[in-house]
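# Examining the three-dimensional arrangement
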Amino acid sequence: MQTIGLIGGMSFESSAVYYRLLNEMVRERLGDLASAELLLYSVNFEEIVVMQKAGDWAGAAARLGDVASRLETAGAACILICSNTMHLVADEVASRVSVPFLHIIDETAASLKAAGCKRPLLLATRYTMEHGFYTDRMKRLGLDIAVPEAADRTTVHDIIFNELCAGKVLESSREKLMRIIERERAAGADSIILGCTEICLILDPDNLPLPGFDTTKIHATAAIDFALRQTAAA
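Residues numbered from 1 in each chain as written. Predicted model: local features only at pLDDT ≥ 70, side-chain atom pairs only at ≥ 80, totals over all residues. Heavy atoms only, no water.

Glancing now at the packing of aromatic side chains. A full pass over the atoms with the stated rule returns four aromatic pairs. Ring centres of W57 and Y127 lie 5.5 Å apart, and the angle between their planes is 75°; on these two criteria the pair is classed as edge-to-face. Here W57 is found in helix 3 (residues 57-74), whereas its partner Y127 is found in helix 6 (residues 126-130), with 70 residues between them in sequence. Taking the relative accessible area as the measure of exposure, W57 reaches 13% and is therefore buried. On the accessibility criterion, Y127 (13% relative accessible area) is buried. (Phe/Tyr/Trp six-rings, centres within 6.5 Å; stacked < 30°, edge-to-face > 60°. Helix = DSSP H or I, 4+ residues; strand = E, 2+ residues; numbered from the N terminus. Buried < 20%, exposed > 50% of the residue type's maximum accessible area, 1.4 Å probe, protein only.)

Take a look at the structure:
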């Protein structure tokens, strides 16, 4: 089994989901008491949030790039950033390591295309919905991303940062998200990307009015596929 390197803590709520999913997947595939071999470097999210708010993406890239390098030195055979938003600096982070970097957008795009979806709605932080890195990469991969209107983007962003990242899951916020989804379905969206690794805490991708794609689970699955590839070959 290859060792998975996780850059986590953004927020620790979703990193805990990654940890659980990775271990559950290994146990499901290998049986008995098997669990994942992984290295988790959990950063102080407050430091990253300060950089996000200041637009200091170069500083964030340097910080996460250093973490990626440390994980590789410690024995990680692949690297994941456990956050959609911080894939804004994914290229810079990937350039700091020689091992494979598993990109959450690429893995999500592959799942969407396999399902025949063409115009998914992206629910994510404001940075992910508005900075272009996500929609541009998806477009290059053949997908036309829809994002909510400005007021709805603010609602989604605030639910993520003020509630989900703080461990608060409110039914009133779930209802707000469902209303946003209904509006975008009427506007032509054919699927939903849970494009923040915390959104799976409040929305069940299997219980939505459109096909749902949980980026956290998709990313974790890619990591386990990588980690167990040699095992399967043997």
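There's more to say after this.
Burial of nonpolar side chains together is a common tendency in soluble globular proteins. Ranked by size, the top nonpolar core spans 83 residues in total, and within it I4 and I7 carry the most contacts. For this core, the element with the highest residue contribution is helix 3, accounting for seven residues. Non-local contacts of I7, meaning those with residues more than four positions away in its chain, are made with Y41, L64, V67, A68, L71, I79, L80, I81, C82 and V93. (Core = buried A, V, L, I, M, F, W, Y, C linked by side-chain atoms within 4.5 Å. Contact = heavy atoms within 4.5 Å.)

Attention shifts here to the packing of helix 1 (residues 12-30) against helix 10 (residues 215-227). Viewed as axis vectors pointing N to C, helix 1 and helix 10 meet at an angle of 45°, and their least axial separation amounts to 9 Å. The orientation of helix 1 relative to helix 10 falls into the category oblique. Like other packed secondary-structure pairs, helix 1 and helix 10 cross with a definite hand, here right-handed. Residue-level inspection shows V17, Y18, L21, L22, M25, V26 and R29 of helix 1 in contact with helix 10, the latter providing T216, K217, H219, A220, T221, A223, I224 and D225. Grouping the amino acids of the contact of helix 1 with helix 10 by side-chain chemistry returns nine nonpolar, three polar and three charged. (Axes fitted to C-alpha atoms, helices over the stretch in contact; angles between N-to-C directions. Parallel < 35°, antiparallel > 145°, perpendicular 65-115°, else oblique. Left-handed = near helix turned anticlockwise from the far one by under 90°. Nonpolar A, V, L, I, M, F, W, Y, C, P; charged D, E, K, R; others polar.)

So, about the sheet that holds strand 1 (residues 4-8). Spatially, the three strands line up as an open sheet ordered 2-1-3, and their pairing is parallel. Where the open sheet ends on each side, the last strands, each with one partner, are strand 2 (38-42) and strand 3 (78-81). When the angles between neighbouring strand axes are averaged without regard to direction, this sheet yields 20°. As judged from the five bridges shared by strand 1 and strand 2, these two strands associate in the parallel manner. Residue pairing across strands places G8 opposite S42, the latter belonging to strand 2. Helix 10 rests against strand 1 and strand 3 of the sheet, and its axis sits at about 175° to strand 3. (Pairing = 2+ DSSP bridges.)

Our focus in this paragraph is the pattern of salt bridges. According to the stated counting rule, one finds 11 salt bridges in the structure shown. With a closest N to O distance of 2.8 Å, R119 and D144 form a salt bridge. With R119 in the loop between helix 5 (104-114) and strand 4 (120-123) and D144 in the loop between helix 7 (133-140) and helix 8 (150-163), this pair connects stretches of sequence that are 25 residues apart. Residue classification places R119 among the partly exposed positions, given a relative accessible area of 30%. Classification of D144 by relative accessible area gives partly exposed; the value is 44%. Across the pair E182 and R185 runs a salt bridge whose closest N-O atoms are separated by 2.9 Å. Taken together, the residues E182 and R185, both in helix 9 (residues 171-186) and three residues apart, mark about one turn of the helix. Note on E182: relative accessible area 35%, which makes it partly exposed. What emerges from the salt-bridge pattern is a single network uniting D91, D106 and R137. (Salt bridge = Lys/Arg side-chain N within 4 Å of Asp/Glu carboxyl O.)

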